[in-house]
Each structure stands twice: as structure tokens, then as C-alpha cells.
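Coordinate inspection notes
Residues per chain are reported as follows:
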Amino acid sequence: MGKLSNILRQQGTLDTIKSAWDTTAAAADNDVLPKGEYVADIVAGEAIESRTKGTPGYRLTFEVAEGEHTGGRFWHECWFTEAAMSRTKRDLSKLGVTDLEQLERPLPAVFRCNVKLAIRRDDDGNEGNRVRKFEVVEVIKPEPDAFAPDGDSESAPESGETF
Amino acid sequence: MTNAMPLGYRIVGPCSRERRLVDYDRAFAAYADCDDLAQIDREGFLSPFQYDNAIRSRVVRPDGTLDVRGFTGTHWSRYLWADIDDDGNIDRATASARRLVAWVLERYQVDESELLVFFSGSKGFHVGLPTSLFAAKPSDVFGRVARQVAEDIATKAAVRLDTAIYHIVQPLRAPNSRHGKTGRHKRFLTVDELMQVRPAAIVERSAEPLAFDLPETPAADERAVADWQSACEQTNRKTEAVRSRDTDRTELNLATLEFIRDGADEGDRHRLLYSAAANLAELGCPPRLAHALLTESALDSGLPPADVRRAIDNGLSKGVTE
């Protein structure tokens, strides 16, 4: 056993490793956000199948919009099973979904929400976020990129088209 | 030079975020100039290629969000990019980048001021050769030919490249943008700096962005044109070979079997995983089985779980739609 600095010096990597250490932020554990209340945007929605049983569902992607965790993401799954259907309809109705066919199209807007977020731990001790409750507070019409070309929405859905 | 491919996509934030349609040259120039609109203090990416209006068919939202998966239309790039990481060893990566640039300057009639060289902000370098040297025209196989040329050059210069950047969905970090993990910027380097400055000092300099002027476009070089032509022929031969194998295909590709058995090395892992998933889908493999077959090898290859799931899902959707 030797000193780390001696080992790195012998390998010729001391400067590189030191520089990387000094400039790299510690990774968050599995990117799990702390339990609490967040202002977060629903930025995407997509059809999914559960990994174990192939249960169909719809996954909402939330992105934290304010505070120190801005940019962090978490997800909320709505399952199309008999048992879960009432909760799924409740959640999707907050986005104006009244018909399953609406889920065939991308989300028409960004939905800013107040979210209560919890942490769940599975049998193996892995932690993950769980959305306990969310309320839509604002529907934000998506803005094009700052460098969007002229007439860039000609093939996009009509901007008036909503869920 | 061509202005027939004005469009591209831009990602603000991590590269898993939405790809939005942009005027490519305007966006690239803004990043080069450290323009406020470019938001260089955030992570930023640009598409690996430029496209004509056909890419508008991939717009899925009024804000110009694109779904580029499966796009097979005409594309092009002003630069032939080489992405050098060399296993995250900055000293070795620097040596590789120096070899590559030296080899290019030796072989082609190109001035060093006409190359674009960047430290990536993390562990490697991006070297851009102007495609005007090769007289490269837009086509639906441009990316594959570019990859072939880059691989040929890399082999001759004894350099290993990350070839993921030749895939249409894999964006390239934008100049001067901030690296999400290191907090450093993708910084422009003159060829002199690359050749003379110690690797650790190059890393230190990337703490700050550096505005730079876009280089002049050089004229075509005879050897470069011949190299591009040779790569076109190789690409065509490979396409023909795949086409004949695809007729009445009933077996998995060798590459799929190899991926399941051995995984893949850094540099080509995403593409091979994606292709393996697409191949399984072509043969009617259910998604759950495909995930079961590929996930362990992909994780053992060092890919993070989220990347693994995404690549498999993307590959499955491609295999089903084709």
C-alpha cells in the first residue's frame, strides 16, 4: 500500500485527477430528489408497459422549475388497470385528457404544477421518488428555441389543438 | 460550401432533453461568439448534422420539438467531427488528438487555422475537419460515409474514436457550452495550443469559455476527395451486403449475438445496443424478452441503466416500424 499521491504521480495522472476532483461536483445518490413540495413542469408524456407484467400505462415526466433542484426530473406513472383506472382518469383529467386517443399525440403544452413528492424504498433498499399529489397551476404554451428558423411550426400540430 | 441544409436541432440542458428545431448556422455562430442567446452557462448540444426542410416532418410540438428517431433523409455537416476520449485518460487523449491533427495536416492541403479543435470540457477532444476539403455533398448516407472516413483517418493516425456521434440521434456538445458534470466549458483551442500546452493546463483553461471566429472554408483537396470517394464505395458495398442478408432473414445478426454474449467497448456501445434491439424487434421479439436479453450485457459494458432502457426502447421501435 502506498500514498495515493505517490501512486498517481507514478502514473503521471496526479494533475489530471486533482483537477477533476477539484472541479467535479459530487453525484447525488441515484438522482433521487428530497421529499417535499415542488413547483415542477410536466414536460413530456409517453405510453409505457410495465417491465414485469407488461401492464400498459402512461408516464409523465416532471422537471423541477424553481429552487435549488431546478432541472431535476422525476416521473409519475398512470396505469391502465381496473384497479388503477379511477386514479389514472383523475390524474390525466388534470391535463385535459378526456379521451384515450389524446394520448396518441405529444403533450400540447407544458403544465406547471405544485407537486408533493415522497421517497419510496423497495425491498432491495433502492430509493425512488413517488408523486403523492399534483395540481396544475398554469398551462404554458411552449416557446420555440431562440434560434428557431422562420416558419418552423408548419408541420407541427396546430397551436390551438389541445388535449 | 452548401447552404441547402439550413436546419438542425439544439438541446438546452442534458442531452436527454428535447431536441428543438433551429437555424443551425445561426445557433453554431452564437455558441462560437458566446452570445447570451446561446446560454453557454448551461449544458448545450447541437445536432451532429444539418438537414433540409424534410426534417420538419419530425416536428411533434408547436415549439419545434423534434422526434428524430428513424429519420433517414438527406443530411450533411460543415465539419467532419472526430470525438476522442481515450478511456478518460486526458494525457492519452491529448496525445491522440495531437496525432490525429498532425496526420491530417500532413495528408491534406489544409491550413491549421481552418480546423476546429476543442477540449470537450471533460475528458477528450473534438476535432472538426471542413468537409469542403472532401467536396462532400448532402445525402441520406452522409453520416455513414463520414464515419467511414473518420475511422479510416483514425486507423492511420493510430487513434481510437467515439463513433456514437455519427448517429443521427446522438447530439454533439455545443462550443463554449458548460459541461454538466465538470462545470467546464467546451473550449476552442488553436492547433498550437493543442500541440504545445500541457494537458492539465488545457483542462484548467476550460474553466472559462473562449469566443472564436469561424474559420474560412478551404478548397477541395485531391487526396481528401479520393478518401471520401473511397469511403462512399465502402459504404455502398456494406449497404448492398446488408440488403442481401436482410432478404428473408430468419436469424439474428452476428453483431446482436456478440452483444448479448460480450457487450461492447466504450465508444460504440449505444449504437450496438440500439442495433441489437432493432434486430430483435425485426424478428418479433417481445419487448420484455429483448430487455431481458440485452440489459445485463449493456450494464456490464458500463452504460447507465437509463441509457440502456432508452436505447433498447428506441431500437425496438425502429425494428417494429421498419
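What comes next concerns the included structure. All figures in this text were calculated on a predicted structure; none of them were measured in a lab. (Residues numbered from 1 in each chain as written. Chains lettered and ligands numbered in written order. Predicted model: local features only at pLDDT ≥ 70, side-chain atom pairs only at ≥ 80, totals over all residues. Heavy atoms only, no water.)

Some points on the sheet that holds strand β1 (residues 36–49) of chain A
Residues and elements named next belong to chain A.
- If you trace the five strands from one edge of the open sheet to the other, you get β3-β2-β1-β4-β5, paired in antiparallel fashion. Of all the strands in the sheet, just β3 (73–79) and β5 (127–140) have a single pairing partner and so form its edges. Each strand axis lies, on average, 40 degrees off the axis of its neighbour in the sheet, ignoring direction.
- When strand β4 (residues 110–121) meets β5, the two strands line up antiparallel, connected through 12 bridges. Residue pairing in the sheet places alanine 118 in a bridge with arginine 130 of β5.
- Sitting on the sheet, helix α3 (residues 85–93) is in contact with β2 (56–64), β3 and β5, with an inclination near 130 degrees to β3. (Pairing = 2+ DSSP bridges. Helix = DSSP H or I, 4+ residues; strand = E, 2+ residues; numbered from the N terminus. Axes fitted to C-alpha atoms, helices over the stretch in contact; angles between N-to-C directions. Contact = heavy atoms within 4.5 Å.)

Re empty space enclosed by the protein
- Tallied over the full model, the rule gives five cavities of 30 Å³ or more.
- Roughly 80 Å³ of volume is contained in the second largest cavity.
- Of the residues contributing to the lining of the second largest cavity, the split by class is one nonpolar, one polar and six charged. (1 Å grid on protein atoms, 1.4 Å probe; cavity = no way out; pocket = protein on both sides within 12 Å on 5 of 7 lines; lining within 4 Å. Points joined across faces, edges and corners; volume = space filled by probe spheres on them. Nonpolar A, V, L, I, M, F, W, Y, C, P; charged D, E, K, R; others polar.)

Side note on the sheet that holds strand β8 (residues 116–119) of chain B
Residue and element names in this part refer to chain B.
- Across the sheet, which stays open at both edges, the four strands sit in the order β7-β9-β8-β11 with antiparallel pairing between neighbours. Strands with a single pairing partner mark the edges of an open sheet, and in this sheet they are β7 (79–84) and β11 (187–189). Adjacent strand axes in the sheet meet at a mean angle of 25 degrees, parallel and antiparallel pairs treated alike.
- Here β8 runs beside β11; their pairing, made up of three bridges, is antiparallel. From the neighbouring strand, valine 117 faces β11, where its bridge partner is leucine 189.
- Against the sheet, helix α2 (residues 90–107) contacts β7, β8 and β9 (125–130), and its axis sits at roughly 10 degrees relative to β9.
- Where helix α3 (residues 142–156) meets the sheet, it contacts β7 and β9, and its direction lies at approximately 55 degrees from that of β7.

Some points on the side chain of Asp227(B)
- Mapped onto the elements, Asp227(B) comes out in helix α6 (residues 222–246).
- In this structure Asp227(B) touches Arg107(B), Tyr108(B) and Val149(B), once residues within four positions along its chain are discounted.

With respect to the packing of helix α8 (residues 269–282) of chain B against helix α9 (residues 287–300) of chain B
All names here are of chain B.
- Following both chains from N to C, one finds α8 and α9 inclined at 165 degrees, their axes separated by 10 Å at the closest point. Of the possible angle classes, the one that applies to α8 and α9 is roughly antiparallel. In this structure, the crossing between α8 and α9 has a hand that is right-handed. Residues Leu273, Ala276, Ala277 and Leu280 of α8 form the contact with α9, whose own contacting residues are Ala290, Leu293, Leu294 and Ala298.
- Across the contact of α8 with α9, the residue classes break down as eight nonpolar, no polar and no charged. (Parallel < 35°, antiparallel > 145°, perpendicular 65-115°, else oblique. Left-handed = near helix turned anticlockwise from the far one by under 90°.)

Read these as layout, nothing more, since geometry by itself doesn't imply function.
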